[in-house]
Amino acid sequence: MSEQFYDYTKEIYAAAGVDTEKALDELAKLRISMHCWQGDDVGGYENTGALSGGITATGNYPGKAVTPEQLMRDMDKAFELIPGKHKINLHAIYAITDSRPERDALEPRHFEKWVEFAKERGLGLDVNPTLFSHPYAADGLTLSHPDEKIRKYWVRHCKAMRKVGEYFGKETGITCLNNIWIPDGLKDVPGDRMGPRIRLKESLDEIFEDKYDEKYLVDSIESKLFGIGLESYTVGSHEFYMNYAAKNGKMCLLDNGHFHPLESVADKIPSMLLFNEKIALHVTRGVRWDSDHVVTFDDGIRDIAKEIVRCNALSRVMIGLDYFDASINRVAAWVIGMRNMQKALLYALLLPHDGMKKLQDEGNFTKLLALNEEFKTYPFGAVWDRFCERSGTPVREEWLAEIENYEKIELGKR
Ligand code: RNT
Ligand code: ZN
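Just so it is clear, the model here is predicted, and its values are computed rather than measured.

A. Structural detail: the environment of Thr175. Considering the arrangement of structural elements, one finds Thr175 in the loop between helix 5 (148-172) and strand 4 (176-180). On a C-alpha basis, the gap between Thr175 and Tyr216 in space is 4.6 Å, while along the polypeptide they are 41 residues apart. Setting aside anything within four residues of it in sequence, one finds Thr175 in contact with Lys87, Asp126, Glu214, Lys215, Tyr216, Leu217 and Val218. At a separation of 3.0 Å, a polar atom in the side chain of Thr175 contacts the main-chain carbonyl oxygen of Lys215.

Pasting the structure below:
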């Protein structure tokens, strides 16, 4: 049945000038970075207490992974239900150690277990220094802190994590992305907007003094508009990082939750690609604010995917997910978001972009709008099902039964 459904769909797309086989091949090559922190509400293994830095995970769903072994088991379950081979995005607080070193003393060996895990499964690894949930980040300032002792501590931490990233790249054979995000900001009207930015610039210069082969490690810097309790001023704003990245050959990371809700992150992609070899993304879903809801198959994500594909930039955009919902089954949250990101990319790969560009250039806006709308109800689902089948993963909502079973045999027992 599904064979016939796909064959018929293939013909429908072919008649519109779209090659479904080519789209399937392209999609199979793409690695998305799955964020480890959805598995335990950004907890990590330091046990320093509450999540800080103006971000928050709400909900109390049972079965949270509290040990590395549990988190790894949960990831295995998720990857079973997600087509393709991907990457895991780790934060420094997920180091697996007995000695619990300070963050500025972390070394590659503290991440050995993750490397082993990734290598056994053919996965890549990305890395993030963790500049929150720590006594030195308690006042909301890290790399821009006026106290040199604190600022230097965080500089050392970022340097240490870049070394870990290089190790990830070397061991897995897949380039590691090191992304720096800091919470730095102020709750109320600042007395000085320049000073903290001067210090942040200085810190980044120091961090990036260490040179690594880009085959193993690349760096991105992530901007933000505001955080909870840090509403009035964000040191690492978009303008700050966009300029820093351009001048220093670093990548900008755009998190689509980090802009005004009416601002289109999709629209930024072509401009960024025009002036940068590569960019990185944190794909999330903000509901009214940067709430980090699970990524759904909505207009926002489809528009982002469309721009990547239209710009022929699948190899120039490093895509990672970034959300944390503690109110639903956390493994399902991974599966839903990852599959939706892939769906969005497939949807974009199945649009007749050349034809649409031509219509725009010819000024045929009636046909452009009409086609855009008609393609929304093309039998896209049949191609997606075929992709799942070919990858040996459950088709449509079949994956949910696996999750329900996993809840019985594993999550429910925690
Ligand atoms: C916070 C940023 C940042 C974090 C992760 C945990 O607003 O989006 O990327 O979500 O590093
Ligand atoms: Zn982010």
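Still more ground to cover, so stick around.
B. Structural context of the coordination of the zinc ion (ligand 2). At 2.1 to 2.2 Å from the zinc ion (ligand 2) lie its protein donor atoms, namely Glu222 (OE), Asp255 (OD), His282 (ND1) and Asp322 (OD). The site at the zinc ion (ligand 2) holds 6 donor atoms, and with the angles between them running 71 to 170°, its shape is octahedral. Taken in sequence order, the residues that donate to the zinc ion (ligand 2) follow the motif E-x32-D-x26-H-x39-D. Here the residue Asp255 occupies a position in strand 8 (residues 251-255), and His282 occupies one in strand 9 (residues 279-283), the gap between them amounting to 27 residues. Owing to a relative accessible area of 0%, Asp255 belongs among the buried residues under this scheme.

C. Structural context of the environment of Glu307. If you trace the backbone, Glu307 turns up in helix 9 (residues 299-310). A C-alpha to C-alpha distance of 9.8 Å links Glu307 and Val265, two positions 42 residues apart in sequence. Of the polar contacts made by the side chain of Glu307, one reaches the side chain of Arg310; its length is 3.2 Å.

D. Just the site of ligand 1, in detail. Every residue near ligand 1 is listed here: Trp37, Ile55, His91, Trp181, Glu222, Lys224, Asp255, His258, His282, Asp290, Asp322 and Phe324. Within the side chain of His258, a nitrogen or oxygen atom sits 2.9 Å from an oxygen atom of ligand 1. Contact with the protein chains removes 99% of the 310 Å² of surface that ligand 1 exposes when unbound. Across the shell around ligand 1, the residue classes break down as 4 nonpolar, 3 polar and 5 charged.

E. Seen up close, the pattern of salt bridges. Within the structure shown, the criterion is met by 35 salt bridges. Two residues, Glu206 and Arg151, come together in a salt bridge whose shortest N-O distance is 3.3 Å. Of the two residues, Glu206 sits in helix 6 (residues 194-207) while Arg151 sits in helix 5, which places them 55 residues apart along the sequence. Accessibility expressed as a relative area gives 15% for Glu206, which makes it buried. Exposure remark for Arg151: the relative accessible area of 1% places this residue in the buried category. Its salt-bridge partner being Lys268, residue Glu263 comes within 2.5 Å of it at the nearest N-O pair. Judged by relative accessible area, Glu263 falls into the partly exposed class, the value being 37%. Look at Lys268 and you get buried, because its relative accessible area is 15%.

F. Structural detail: the packing of aromatic side chains. Under the criterion given, the structure shown has 17 aromatic pairs. Three or more aromatic residues link up through ring pairs in this structure, and these residues are Phe208, Phe240, Tyr241 and Tyr244. Note that Arg302 overlies the ring of Tyr347, its terminal NZ or CZ placed 5.3 Å from the centroid. Across the ring face of Phe297, the terminal group of Lys343 is positioned such that the distance to the ring centre comes to 6.0 Å.

G. Expanded view of helix 14 (residues 399-409). Here helix 14 has its buried residues at Trp399, Ile403 and Tyr406. Within helix 14, the buried residues cover an arc of 60° as seen down the axis, which keeps them to one side. Seen from the buried face of helix 14, the exposed residues on the opposite side, beyond 90 degrees, are Lys408 and Ile409. Packed against the buried residues of helix 14 are helix 3 (68-80) and helix 10 (330-349).

H. Seen up close, the pairing of strand 10 (residues 317-321). The buried fraction of strand 10 is high, at 5 of 5 residues. What you see with strand 10 is no split at all: Val317, Ile319 and Leu321 on one side and Met318 and Gly320 on the other are buried throughout. Bridging between strand 9 and strand 10 involves 5 bridges; their strand directions are parallel. Across the sheet, residue His282 finds its bridge partner in strand 10, namely Gly320. As for the winding sense of the linkage, the β-α-β connection from strand 9 through helix 9 to strand 10 is right-handed.

Rules and cut-offs
- Residues numbered from 1 in each chain as written.
- Chains lettered and ligands numbered in written order.
- Predicted model: local features only at pLDDT ≥ 70, side-chain atom pairs only at ≥ 80, totals over all residues.
- Heavy atoms only, no water.
- Helix = DSSP H or I, 4+ residues; strand = E, 2+ residues; numbered from the N terminus.
- Contact = heavy atoms within 4.5 Å.
- Polar contact = N/O pair within 3.5 Å; in protein donor to acceptor, adjacent residues only side chain to side chain.
- Donors = N, O, S within 2.8 Å, 3.2 Å for Na, K, Ca; no water.
- Tetrahedral: all angles 85-135°; square planar, octahedral: opposite > 155°, others 65-115°.
- Buried < 20%, exposed > 50% of the residue type's maximum accessible area, 1.4 Å probe, protein only.
- Near = heavy atom within 4 Å.
- Areas by Shrake-Rupley, 256 points an atom, 1.4 Å probe, with all protein chains shown as cover.
- Nonpolar A, V, L, I, M, F, W, Y, C, P; charged D, E, K, R; others polar.
- Salt bridge = Lys/Arg side-chain N within 4 Å of Asp/Glu carboxyl O.
- Phe/Tyr/Trp six-rings, centres within 6.5 Å; stacked < 30°, edge-to-face > 60°.
- Lys NZ or Arg CZ within 6 Å of the ring centre and 35° of its normal.
- Arc of directions from axis to C-beta.
- Pairing = 2+ DSSP bridges.
- Right-handed = clockwise from strand over helix to strand, strands pointing away.

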